[in-house]
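Summary of the model geometry
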Amino acid sequence: MNSAWIIGLVFGAIVVFIMMAVLARYFGLWVQCKMTGAGVSMTNLIMMSIRKVNPTIIVRSKIMAVQAGLTEHYDISTRALEAHYLAGGNVPNVIRALVAAHRAQIDMDWQVAQAIDLAGRDILDAVKTSVYPKVINCPDPRKNAGTLDAVAADGIQLKARARVTVRTNIQQLVGGATEETVIARVGQGIVQAIGSTKTYAEVLENPDRISKTVLNQGLEAQTAFEIVSIDIADIDVGENIGARLQADQAEADMRVAQARAEQRRAEFAAQEQEMVAKTQQNRAVVVLSEAEVPEAIAAAFRSGKLGLLDYYELKNVQADTSMRSAIAGMGDEVAQQPES
């Protein structure tokens, strides 16, 4: 009997200890729920720990939602908060974003907020950007410290920097493109707008025309932002790209002409060498023909077709021809001498 009494006493002490430990851990949260009307019972707090859910985060988030009046407009139950926590979501951040959206009268419900948060986007920062638009520098100075370089139709290069004011588009936040896409599209639009102007002076006189042209292109399509305005912050004149290209083209044309002239000179030189070779060949033929003359004369003597008088007459004709040639050569030399 005594042993049973002792066992019961020990068991009762263990139960009392467990209850006191539970009260010590959850009593403060339970009191907060009762005082604020969050509707979280002690049993729910204990079951949260069993389900590996942090009850402090859930209770404080539920109290925040109740106090802000979110539960009157959205179906935000304790089980929904636990489910979002178990899915890896940032429950307090979502509740704060819903509070900010509700105060700013932005159309966003609990399901959309959960989806945006689970997609990896900072839902609270998105709501803040929707309320207070932010400015994006184009190009991004964190990645590119340069400028947007474009060339007008007259060949003058312009270097521009722009500031883009954007507001978050909550409806396209899931699946919408990020800031990098907006910066790239705005840069492309500015370069295209400058390139379509006739002269660089038009851009310098009215830079707002570039902004209006880019805004009318609908660059915010399929992005998570709505472009409020595009302001040209700075624009400078760069190089004369057209003149440089013309100079490069002229130099290239000159090199092509020189190459073609050199080719023609080489062809003419080759033709000249061919003519020299043909002249030498013809002279060789003449020499061979002249070598056959004595043989022909001897053959004529032997055959009786040529007599001695005929031979001397031939010699006289040759001598007379040589003399005339010599006289003609001397006359050409006298004519070529300069007058003193």
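Below: a short report on this structure. (Residues numbered from 1 in each chain as written. Predicted model: local features only at pLDDT ≥ 70, side-chain atom pairs only at ≥ 80, totals over all residues. Heavy atoms only, no water.)

Remarks on the overall build of the chain
Check the secondary structure of the chain and you find 12 helices and four strands. Relative to its full complement of 340 residues, the chain shows a buried share of 29%. Restricting to contacts in the chain with at least 6 residues of sequence separation, those with at least 24 account for 70%. Of the accessible surface of the chain, which amounts to about 22200 Å², a share of 56% is contributed by carbon and sulfur atoms. (Helix = DSSP H or I, 4+ residues; strand = E, 2+ residues; numbered from the N terminus. Buried < 20%, exposed > 50% of the residue type's maximum accessible area, 1.4 Å probe, protein only. Contact = heavy atoms within 4.5 Å. Areas by Shrake-Rupley, 256 points an atom, 1.4 Å probe, with all protein chains shown as cover.)

A few points about the packing of helix α3 (residues 55-67) against helix α5 (residues 91-103)
In contact at an axis separation of 9 Å, α3 and α5 are set at 5 degrees when each is read in the N-to-C sense. When the axis of α3 is compared with that of α5, the two are roughly parallel. Counted together, Ile57, Ser61, Met64 and Ala65 of α3 and Val91, Pro92, Ile95 and Arg96 of α5 form the full contact between these two elements. For the contact of α3 with α5, the residue count by class is six nonpolar, one polar and one charged. (Axes fitted to C-alpha atoms, helices over the stretch in contact; angles between N-to-C directions. Parallel < 35°, antiparallel > 145°, perpendicular 65-115°, else oblique. Nonpolar A, V, L, I, M, F, W, Y, C, P; charged D, E, K, R; others polar.)

Here we look at the nonpolar core
Membership of the largest hydrophobic core comes to 61 residues, with the highest contact counts inside it found for Leu70, Ile95, Leu98, Met108, Trp110 and Val186. A total of seven residues in this core trace back to one element, the largest contributor, which is α5. (Core = buried A, V, L, I, M, F, W, Y, C linked by side-chain atoms within 4.5 Å.)

Comments concerning helix α10 (residues 207-215)
Along α10, the positions that sit buried rather than exposed are Ile210, Ser211 and Val214. End-on view of α10: buried residues confined to an arc of 100 degrees, all on one side of the axis. (Arc of directions from axis to C-beta.)

Some points on unusual backbone geometry
Cis geometry marks the peptide bond from cysteine 138 to proline 139, where omega comes out at 0 degrees. Turning to its location among the elements, proline 139 is positioned in the loop between β1 (134-138) and β2 (148-151). Phi is positive for lysine 52, which is not a glycine, with a value near 65 degrees. Among the structural elements, lysine 52 can be located in the loop between α2 (42-50) and α3. Its relative accessible area of 69% is what places lysine 52 among the exposed residues. Its identity is not glycine, yet glutamine 105 carries a phi of approximately 60 degrees, on the positive side. Mapping glutamine 105 onto the fold places it in the loop between α5 and α6 (110-118).

A look at the pattern of salt bridges
All told, the structure shown has seven salt bridges when counted by the stated rule. Arginine 51 serves as the salt-bridge partner of glutamate 82, at 2.7 Å between the closest nitrogen and oxygen. Taken together, the residues span a long stretch of sequence, with glutamate 82 in helix α4 (residues 78-86) and arginine 51 in the loop between α2 and α3 at a distance of 31 residues. Residue classification places arginine 51 among the partly exposed positions, given a relative accessible area of 29%. One salt bridge connects glutamate 226 with arginine 167, and the closest N-O pair in it is separated by 3.6 Å. (Salt bridge = Lys/Arg side-chain N within 4 Å of Asp/Glu carboxyl O.)

Some points on helix α7 (residues 123-131)
Residues spaced three or four apart along an α-helix face the same direction, because each turn holds 3.6 residues. Among all positions of α7, only Ile123, Leu124, Ala126, Val127, Thr129 and Ser130 are buried. As for α7, its buried residues are in contact with α5, α6, β1 and β3 (156-168). If you check the start of α7, you find a side-chain oxygen 3.3 Å away from the backbone N of leucine 124, and it comes from aspartate 122. (Polar contact = N/O pair within 3.5 Å; in protein donor to acceptor, adjacent residues only side chain to side chain.)

Considerations on the environment of lysine 159
Within the secondary structure, lysine 159 sits in strand β3. In the structure, lysine 159 is positioned 10 residues away from aspartate 149 in sequence and 4.6 Å away in space, judged by C-alpha atoms. Apart from residues lying up to four places away in sequence, lysine 159 is in contact with Thr147, Leu148, Asp149, Asp234, Ile235, Asp236 and Gly238.

Concerning the packing of α2 against α3
In contact at an axis separation of 9 Å, α2 and α3 are set at 135 degrees when each is read in the N-to-C sense. Here α2 lies oblique to α3, going by the angle between them. Here α2 contributes Leu45, Met48 and Ser49 to the contact with α3, which in turn contributes Pro55, Ile58 and Val59. Residue composition of the contact of α2 with α3, grouped by class: five nonpolar, one polar and no charged.

As for the pairing of β2
Burial along β2 is one-sided: the face carrying Leu148 and Ala150 is buried and the face carrying Asp149 and Val151 is not. Taken together, the four bridges between β2 and β3 define a ladder with antiparallel strand orientation. Among the inter-strand pairings, aspartate 149 is bridged to a residue of β3, identified as lysine 159. The turn linking β2 back onto β3 is made up of four residues, and glycine 155 within it adopts a positive phi angle of 90 degrees. (Pairing = 2+ DSSP bridges.)

So, the environment of valine 135
Position of valine 135 relative to the elements: it lies in strand β1. Along the chain, valine 135 and arginine 167 lie 32 residues apart, while their C-alpha atoms are 9.1 Å from each other. Not counting chain neighbours up to four residues away, the residues in contact with valine 135 comprise Arg163, Val164 and Thr165.

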